[in-house]
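Understanding the architecture of this molecule
Spelled out from the first residue to the last, the chains are:
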Amino acid sequence: MPITFTVVGTRDPRVEELLRATDPSASTTWIADLDTLLQAETSRLDILFIDVRRDHRLPAALAALKRKFPSIHVILIASTLDGSFMLEAMRAGVNECVAEPLQQADLNTAVNRVLGQRAKAAAGAVFAFVGAKGGVGTTTMAVNVATSLAALSPGRALVIDLHLAYGDAAVYLGAAARFSIVDAIENLHRVDAEFFSSLLVRTSSGVDLLTSAERLPTKPIDSKRAASVVEFAATQYPYTVVDVSRSDPTALDALDHASTIVVVANQELATVTNAGRMATGLRSRYRKAKVMTVINRTDRRSEIESHDVERAVGASISFQMPSDYRRALHAMHKGRPLTLDNHNELSASFQALAEELAGVKRERVAERPAGLMGRLAGRRS
Ligand SMILES: Nc1ncnc2c1ncn2[C@@H]1O[C@H](COP(=O)(O)OP(=O)(O)OP(=O)(O)O)[C@@H](O)[C@H]1O
Ligand SMILES: [Mg+2]
């Protein structure tokens, strides 16, 4: 649904022009004062702009309006921003302020922040996968975990390919998309449930996908905007899986909303060294997230053993995915995640990781029949 702007104050063509540029699809209503809003039974306003440039005074009805409709977001348009007035405004429930000279960028930032606060309302879990080195199997793991999560909660798992360009998730999911993460980032100001959904592809594995773009963005991308896309996704899906580009600072900087960050490693010295550095860096950068390391393509005969990796990353390795190149490659060629076909060790490993991430009770795992599945693939006892 397009957002609605309501402006209190006289109709200023400059404000009108800025609002139209902020979101061409938004509907804008102009009102003389807040009393009519206060009389309403329900509020369908998204953002209320209060223009106080003439008298530099907050409308008396603002506090009452915020009490009656706490979900209304208020942006103040002032001639200057002085500390005591801003404090008074915040106490009365103003969320953001913009001041003269009115700039498009300031208005966009204020609107994006407000929309971001709205998005925080109900957030699902976000699982971000980052490879300690290229080619370790990060995308394979991300799409298979997402497919298992979609099986736990049908239609409710999303993969975001956070490679701004040339990501592979669409190949692994057998999908072709018209829109990409860059469209979401560039149109952040108009991202609502309907618009966001129109950017996604529904894949045959039950996972929805926001793909990477087919070409590099023409201008630099702000990681905060990428983070806001992830944040919005989490309001729409109980499970969002992010395939993160390890070499793009925009992607690595956009994990503010991750609940868990999975560093994917293997048993090669260069990868293990990087995994240690990355796990340490990610832990200090994202204190709210759980950072875990998973070994993919486990080689039981490697001279680097799991306890060596544990020492490097400073934490235990709870999952080691077996190596099954033929099956992994076949699944990629078919565009059909291998967890859709059970009864193999690798598939069971990905499912076990998905269950762990989703907090599905261990007993379910323990109840699995003995045999191949019962060995529970990579899960260590
Ligand atoms: N557990 C596994 N056993 C064997 N082969 C695997 C396994 N996981 C992934 N592969 C294979 O490894 C290759 C690289 O996988 P993938 O594209 O997922 O890696 P990546 O870390 O995402 O790479 P990139 O750094 O290019 O994004 C693919 O051919 C994939 O089929
Ligand atoms: Mg990849």
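Please read all numbers here as calculations on a predicted model, not as lab measurements. (Residues numbered from 1 in each chain as written. Chains lettered and ligands numbered in written order. Predicted model: local features only at pLDDT ≥ 70, side-chain atom pairs only at ≥ 80, totals over all residues. Heavy atoms only, no water.)

Here's the deal with the sheet that holds strand S2 (residues 27–31)
The condition that has to hold: At least two bridges found by DSSP between two strands are what make those strands a pair. Elements are defined by DSSP. Helices are runs of H or I of four residues or more, strands are runs of E of two residues or more, and each kind is numbered from the N terminus. The axes are straight lines fitted to the C-alpha atoms, using for helices just the contacting stretch, and the angles between their N-to-C directions are given from 0 to 180°.
Ordered in space as S2-S1-S3-S4-S5, the 5 strands form an open sheet in which the pairing is parallel. The outermost strands of the open sheet, each flanked by one partner alone, are S2 and strand S5 (96–99). Taken pair by pair, the neighbouring strands of this sheet meet at an average axis angle of 20 degrees, ignoring direction. Judged from the 4 bridges that link them, strand S1 (residues 4–8) and strand S3 (residues 47–51) form a sheet pairing that is parallel. Considered in S3, the bridge of Val-8 is made with Ile-50.

Concerning the pairing of strand S13 (residues 319–322)
Heads up, the condition is: Only protein chains enter the accessibility calculation, which uses a 1.4 Å probe; a residue whose area is less than 20% of its type maximum is buried, one above 50% is exposed, and one in between is partly exposed. Place the viewer so that the strands point away; then a crossover is right-handed whenever the path from the first strand over the helix to the second strand goes clockwise.
Residues Phe-319 and Met-321 point to one face of S13 and Gln-320 and Pro-322 to the other, with burial holding for every one of them. Pairing between strand S12 (residues 290–298) and S13: 3 bridges, direction parallel. Opposite Val-294, over in S13, you have Phe-319 as the bridge partner. A crossover connection joins S12 to the parallel S13 through helix H13 (residues 306–313); in handedness this β-α-β unit is right-handed.

A look at the site of ligand 1
Heads up, the rule is: Throughout this document, a residue counts as near a molecule or strand when at least one of its heavy atoms sits within 4 Å of that molecule or strand. For the area figures, the Shrake-Rupley method with a 1.4 Å probe applies, and any residue is considered shielded solely by the protein chains shown. Amino acid classes used here: Ala, Val, Leu, Ile, Met, Phe, Trp, Tyr, Cys and Pro are nonpolar; Asp, Glu, Lys and Arg are charged; the rest, including Gly, are polar.
Every one of the 18 residues lining ligand 1 counts as a neighbour, but Gly-135, Thr-139, Thr-140, Tyr-172 and Asp-324 are closest to it. The protein chains hide 84% of the 630 Å² of surface that ligand 1 would expose on its own. Of all the secondary structure elements, the ones that give two or more residues to the shell around ligand 1 are helix H6 (138–152), S12 and helix H14 (325–334). Among the residues forming the shell around ligand 1, the class breakdown is 8 nonpolar, 8 polar and 2 charged.

Considering the pattern of salt bridges
The condition that has to hold: Here, a salt bridge means any Lys or Arg side-chain nitrogen found within 4 Å of an Asp or Glu carboxyl oxygen.
Scanning all chains against the criterion turns up 13 salt bridges. With a closest N to O distance of 2.9 Å, Arg-53 and Glu-100 form a salt bridge. Here Arg-53, found in the loop between S3 and helix H3 (62–68), pairs with Glu-100, found in the loop between S5 and helix H5 (104–119); they are 47 residues apart in sequence, far enough to count as distant. On the basis of relative accessible area, Arg-53 is assigned to the buried category, the value being 18%. On the accessibility criterion, Glu-100 (40% relative accessible area) is partly exposed. When the shortest N-O distance is used, the salt bridge between Arg-336 and Asp-341 registers 2.9 Å. On the accessibility criterion, Arg-336 (38% relative accessible area) is partly exposed.

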